[in-house]
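Now for the letters of each chain:
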Amino acid sequence: MGTGPAHDRAHHPLLTDLYQLTMAYGYWKTGWQDKEAVFNLTFRSTPFGGGFSIACGLAGVIETLDRYAFSAEDVAYLGSLTGNDGRPIFQSDFLRYLGRLRLTCEVDGFPEGTLVFPHEPVLRVRGPIIQCQLLETTLLNILNFQSLIATKSARVCLAAAGDPVMEFGLRRAQGGDGGLTASRSAYIGGCAGTSNLLAGKRFGIPVRGTHAHSWVMAFGSELESFEAYARALPNNCVFLVDTYDTLEGVRNAVRVGKQLRQSGHEMVGIRLDSGNLDRLSREARHILDEAGLGKAVIIASNDLDEHLIASLKKRGASIGVWGVGTRMVTADGQPAMGGVYKLAAVRGSSGDWEYKLKLSEQAVKMSIPGILQVRRFEKAGRFVGDVIYDTRLGSGGRQVLLDSGRVRRKRRSPTWESGEDLLIPVWRTGKQVWQAESVDCCRQRAQDQLARLDPALKRLTRPGQYPVGLESGLYHLRERMILESNRRGSPDCG
């Protein structure tokens, strides 16, 4: 990730909820600031009614951990906060503790571009409970949004079926920070480029862009505007043809395209931004081909999303590149990713781990206790299932598959005897131990993983459900904890 004022704001330790500080203060007052704990960050469901999610945001997590420190100004601000009696909430000794705080926790995460499914710990944080607690909101903010946009991008690109998809939603994004993050996440999800210059500079994402309707309107005629643009940028000519009459705009683009060819350049293509994109693209393709400009590409925009693109593809629209803005960067159809961050274990006074479980009348909201890891299995080059296991109990038992709150047992077949653990160490004893990857590497991982996913899981509507299971020992531990909690009113189990 890059540097600069926007990222200083995005990774600030006060970019959190007040209750994280009040809980941290409570741990400190109780003398638990060094008590070891484990938290797991998971997603309860896949967004957009789809069959998969793409993990994104680990680079932002690393940068946050690296920069995490309360400045003197931060401490002074916290000292100014008062309770309902008008007195300070936090004692001065606690504020001095925060001013000296440096992270020593351990963090493991899914590499960016990795497929992730419900209940899986995409991030695991282990260390002093006060540090784990302070990080909760920030980590959720990073991973929820970036994974959501990467998943939306992947769905749009799957709908485009190999055609390039360009992201240009900056003007409709949720602020500058959101726009920059969305551009990066959309590229990891599969987009071929962005209009966002700052994203191009910071992350090395290819940038693309031509002109707007205002360029055409500034001249006496559309043809005059195209000719002026061609003189100024002969190697970057994509003409926006729908300012007035769309098909006449295509013919004007053809006239200038022929002029460009005579001067040793080629028109890249045209862009359609309104109207019946199916019909107009077919007619535009005919005009271009008849003029000998068969290589000129037709780019379509106008509030596109995966469903509209899939519909246009099915009808055979003559569109070669798709420009997606608003509905990409705002994750249209799913305003937020439902990631949660739950306490899974604490080190007791005896030194033994005590596992923790959040109960709920809704099965999907029950947490999974333990120091968790995920192992992914494949057969014949295709992913066939994941097992969530506790690192202390091991991964050798059979699975109990989770299915929207219902459970069913399934033994691992011989082809499932080996697999890959997905959580990797990224932060140890205050230092980064995993080198953040380029966005191109993360993007390629997403493409490779999607290629190994069953096609039924990539359907835009009514997708199949990927098998995710608990290792049997972990499953029985969780069931025992539920029963003991019902008897004793306590969710603890060693």
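Residues numbered from 1 in each chain as written. Predicted model: local features only at pLDDT ≥ 70, side-chain atom pairs only at ≥ 80, totals over all residues. Heavy atoms only, no water.

A.B. asks: Go over the layout of surface pockets with me, naming the residues and quoting the values.
C.D. replies: Quantified by volume, the largest pocket comes out at close to 960 Å³. Taken together, 35 residues form the lining of the largest pocket, with Phe168, Ser195, Gly209, Arg271 and Ser301 sitting closest to its centre. Going through the elements one at a time, β6 (165-167), β8 (238-240) and β11 (321-324) are the ones with two or more residues in the lining of the largest pocket. Among the residues forming the lining of the largest pocket, the class breakdown is 13 nonpolar, 15 polar and 7 charged. (1 Å grid on protein atoms, 1.4 Å probe; cavity = no way out; pocket = protein on both sides within 12 Å on 5 of 7 lines; lining within 4 Å. Points joined across faces, edges and corners; volume = space filled by probe spheres on them. Helix = DSSP H or I, 4+ residues; strand = E, 2+ residues; numbered from the N terminus. Nonpolar A, V, L, I, M, F, W, Y, C, P; charged D, E, K, R; others polar.)

A.B. asks: Outline helix α12 (residues 277-290), listing residues and values.
C.D. replies: The first and last C-alpha atoms of α12 sit 20 Å apart over 14 residues, in line with the 20 Å expected at 1.5 Å per residue. Two to three positions downstream of the cap, the backbone nitrogen of Asp278 sits 3.2 Å from a side-chain oxygen, assigning the N-cap of α12 to Asn276. Taken from the residues just after α12, Gly292 is the one with a positive phi, measuring 80°. (Expected span 1.5 Å × (residues − 1). Polar contact = N/O pair within 3.5 Å; in protein donor to acceptor, adjacent residues only side chain to side chain.)

A.B. asks: Could you give an account of empty space enclosed by the protein, naming the residues involved and the relevant values?
C.D. replies: By rolling a water-sized probe across the atoms, one finds the places where empty space is left. Applying the stated criterion across every chain yields a total of 3 cavities of 30 Å³ or more. Of the voids in this model, the largest cavity is the one considered here, and its volume is about 170 Å³. What lines the largest cavity is a set of 15 residues, and nearest its centre among them are Thr42, Val340, Met366, Ser367 and Ile368. Looking at the lining of the largest cavity, the elements that each hand over two or more residues are β1 (36-43) and β12 (339-347). Of the residues forming the lining of the largest cavity, the biggest block, 4 residues, is contributed by β12.

A.B. asks: Give me the pairing of strand β14 (residues 372-379): which residues, what numbers.
C.D. replies: The sheet contact formed by β14 and strand β15 (residues 382-390) spans 8 bridges and is antiparallel. Residue pairing in the sheet places Gln373 in a bridge with Tyr389 of β15. Sheet analysis places β14 next to strand β18 (residues 420-421), joined by 2 bridges and oriented antiparallel. Bridge pairing in β18 places Arg375 opposite Asp421. (Pairing = 2+ DSSP bridges.)

A.B. asks: Describe the sheet that holds β8, naming the residues involved and giving the relevant values.
C.D. replies: Spatially, 6 strands are ordered β7-β6-β11-β10-β9-β8 in an open sheet, and the strand pairing comes out parallel. Since the sheet does not close on itself, it has two edges, and those belong to β7 (193-194) and β8, each with one partner. Bridging between strand β9 (residues 269-272) and strand β10 (residues 297-300) involves 4 bridges; their strand directions are parallel. Within the sheet, the bridge partner assigned to Gly269 lies in β10 and is Val297.

A.B. asks: Before we move on, could you go through the sheet that holds strand β3 (residues 106-109) and cite the residues and values that matter?
C.D. replies: Here we have 7 strands laid out as an open sheet, ordered β13-β12-β1-β5-β3-β19-β20, and antiparallel in their pairing. Single-partner strands in this sheet number two, and they are β13 (353-355) and β20 (431-432).

A.B. asks: Lay out the environment of Glu112 in plain terms, naming residues and giving numbers.
C.D. replies: As for its placement among the helices and strands, Glu112 is situated in the loop between β3 and β4 (115-116). For Glu112, a relative accessible area of 2% puts it in the buried group. Apart from the residues within four sequence positions on either side, Glu112 is in contact with Ala55, Cys56, Gly57, Leu58, Ala59, Gln146, Arg184, Ile188, Cys442 and Arg445. At 2.6 Å, the side chain of Glu112 forms a polar contact with the backbone nitrogen of Gly57. (Buried < 20%, exposed > 50% of the residue type's maximum accessible area, 1.4 Å probe, protein only. Contact = heavy atoms within 4.5 Å.)

A.B. asks: Account for the environment of Arg87, with residues named and values stated.
C.D. replies: Within the secondary structure, Arg87 sits in the loop between α4 (72-80) and α5 (92-100). Among all residues touching Arg87, those that are not within four sequence positions of it are Leu81 and Thr82.

A.B. asks: Lay out the packing of helix α6 (residues 129-160) against helix α7 (residues 175-189) with the relevant residues and their values.
C.D. replies: Their axes nearest at 7 Å, the elements α6 and α7 cross at an angle of 45°. Considering the angle they form, α6 stands oblique to α7. In the packing of α6 onto α7, the handedness of the crossing is right-handed. Across the interface between the two elements, Phe145, Gln146, Ile149, Ala150, Ser153 and Ala154 from α6 touch Gly178, Thr181, Ala182, Arg184, Ser185, Ala186 and Gly189 from α7. (Axes fitted to C-alpha atoms, helices over the stretch in contact; angles between N-to-C directions. Parallel < 35°, antiparallel > 145°, perpendicular 65-115°, else oblique. Left-handed = near helix turned anticlockwise from the far one by under 90°.)

A.B. asks: Describe the nonpolar core, and please don't skip the residues or the numbers.
C.D. replies: Among the nonpolar cores identified, the biggest contains 139 residues, and Phe94, Leu123 and Phe239 are the most heavily contacted of them. Ranked by residues supplied to this core, first place goes to α6 with 17 residues. Residues in contact with Leu123, not counting those within four places in the same chain, are Phe39, Asn40, Leu41, Leu58, Val61, Val107, Asp108, Gly109, Leu139, Leu143 and Leu423. (Core = buried A, V, L, I, M, F, W, Y, C linked by side-chain atoms within 4.5 Å.)

A.B. asks: I'd like a rundown of the pattern of salt bridges, residues and numbers included.
C.D. replies: The tally for this structure, following the rule as stated, stands at 25 salt bridges. The residue Glu36 makes a salt bridge to Arg126 at a minimum N-O spacing of 2.8 Å. Remark: Arg126 occurs in strand β5 (residues 121-128) and Glu36 occurs in strand β1; sequence separation between them is 90 residues. Between Glu36 and Arg347 there is a salt bridge whose closest N-O contact spans 3.1 Å. In this pair, Glu36 is assigned in strand β1 and Arg347 in strand β12, connecting sequence segments 311 residues apart. (Salt bridge = Lys/Arg side-chain N within 4 Å of Asp/Glu carboxyl O.)

A.B. asks: Account for the packing of helix α10 (residues 222-232) against helix α11 (residues 246-262), with residues named and values stated.
C.D. replies: Following both chains from N to C, one finds α10 and α11 inclined at 35°, their axes separated by 9 Å at the closest point. With respect to the hand of their crossing, α10 and α11 are arranged in right-handed fashion. Where α10 approaches α11, its residues Glu222, Leu223, Phe226, Glu227 and Ala230 are matched on the opposing element by Glu248, Gly249, Asn252, Ala253, Arg255, Val256, Gln259 and Leu260. By residue class, the composition of the contact of α10 with α11 is 6 nonpolar, 3 polar and 4 charged.

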